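Chains, contacts and geometry: an overview
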Amino acid sequence: MDKPIKVTSRMADAEFMDFFKLYYREKTKVVRYIMFAAAVLLFVTALYSYIVRNNIIAALVCIWLVVFLVVYPKRMYRKPYKAVKGKMMTSKFTFTDDALTEKAGKESVEKKYSDIQRVIETDKYFVFFYEGQNASVLCKRFMAESDIQALRGLFKANTSYKHYKK
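Figured I'd write up the structure that's included with this text.

What counts, and at which threshold
- Residues numbered from 1 in each chain as written.
- Predicted model: local features only at pLDDT ≥ 70, side-chain atom pairs only at ≥ 80, totals over all residues.
- Heavy atoms only, no water.
- Patch = residues over 30% accessible without salt bridge, like charges linked within 9 Å, V, L, I, M, F, W, Y side chains within 5 Å.
- Areas by Shrake-Rupley, 256 points an atom, 1.4 Å probe, with all protein chains shown as cover.
- Salt bridge = Lys/Arg side-chain N within 4 Å of Asp/Glu carboxyl O.
- Lys, Arg positive; Asp, Glu negative; His and termini not counted.
- Charge placed at Lys NZ, Arg CZ, Asp CG, Glu CD.
- Helix = DSSP H or I, 4+ residues; strand = E, 2+ residues; numbered from the N terminus.
- Buried < 20%, exposed > 50% of the residue type's maximum accessible area, 1.4 Å probe, protein only.
- Pairing = 2+ DSSP bridges.
- Axes fitted to C-alpha atoms, helices over the stretch in contact; angles between N-to-C directions.
- Contact = heavy atoms within 4.5 Å.
- Phe/Tyr/Trp six-rings, centres within 6.5 Å; stacked < 30°, edge-to-face > 60°.

Turning our eyes to something else, we now look at a negative patch on the surface. On the surface, a cluster of negative charge is contributed by Asp2, Asp97, Asp98 and Glu110. Looking at where Glu110 falls in the secondary structure, it is placed in strand E4 (residues 107-112). A residue is classified by how much of its surface remains accessible, and Glu110, at 53% relative accessible area, is exposed.

Below, the discussion takes up the sheet that holds strand E8 (residues 161-163). Across the sheet, which stays open at both edges, the four strands sit in the order E7-E6-E5-E8 with mixed pairing between neighbours. Across the chains shown, the open sheet's two edge strands, defined by having one partner strand only, are strand E7 (135-139) and E8. On average, each strand axis in the sheet is tilted by 15° relative to the strand beside it, whichever way the strands run. Strand direction decides the pairing type here: strand E5 (residues 118-121) and E8, joined by three bridges, are parallel. Opposite Glu121, over in E8, you have His163 as the bridge partner. Its contacts with the sheet put helix H1 (residues 13-27) on E5, strand E6 (125-129) and E7, and the angle it makes with E6 is roughly 45°.

So, about the packing of aromatic side chains. Taken as a whole and judged by the stated rule, the model has 13 aromatic pairs. Aromatic pair Phe19 and Tyr23: ring centres 5.7 Å apart, planes at 40°, arrangement tilted. Of the two residues, Phe19 and Tyr23 both sit in helix H1, four residues apart, roughly one turn of that helix. Per residue, the accessibility class of Phe19 equals that of Tyr23, and both read buried. A ring pair is formed by Trp64 and Phe68, whose centres lie 6.0 Å apart and whose planes are at 10°; its orientation type is stacked. With Trp64 and Phe68 both in helix H3 (residues 56-75), this residue pair falls four residues apart, about one helical turn.

This paragraph deals with the sheet that holds strand E1 (residues 5-11). Spatial ordering of the open sheet is given by E1-E2-E3-E4, a layout of four strands whose pairing is antiparallel. Sheet topology places E1 and E4 at the edges, where each strand pairs with a single neighbour. Neighbour to neighbour, the strand axes of the sheet diverge by 20° on average, direction disregarded.

The values are spatial; any link to function lies outside them.
So this is what it looks like as structure tokens:
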């Protein structure tokens, strides 16, 4: 890369909602599979309780748990989203050959590409997943296509990169 790529990213309600949905979908992937398997077992138990054992109460409890296990993972993003709803966040990113720097307000954080666990690209965003529960979002809305292509190549070469198509 000849010179650093500098991008300003602004997030409002729609961007926050998209981010939290993607974040929880990625971070809870294994848990969602386990919850789905438990829901299937509970559904079979409900059928058994109702048909064979003729126990309506046990069947209703199992069905209630099935609904909870199926619906809850899809709604996990709502609580953190409500905490930032109505707020605006502006971040300035600088990308070099070996690291990215994110400046939000007075805080500035530099991350080497080797410190990034995974980069996910959607039609609208680049999402950077760091250690623990840290993540950053770069909105592509105000970026030139040439910068998007350059960043995509940089991420493919230096990180675990995945592109989601809609």
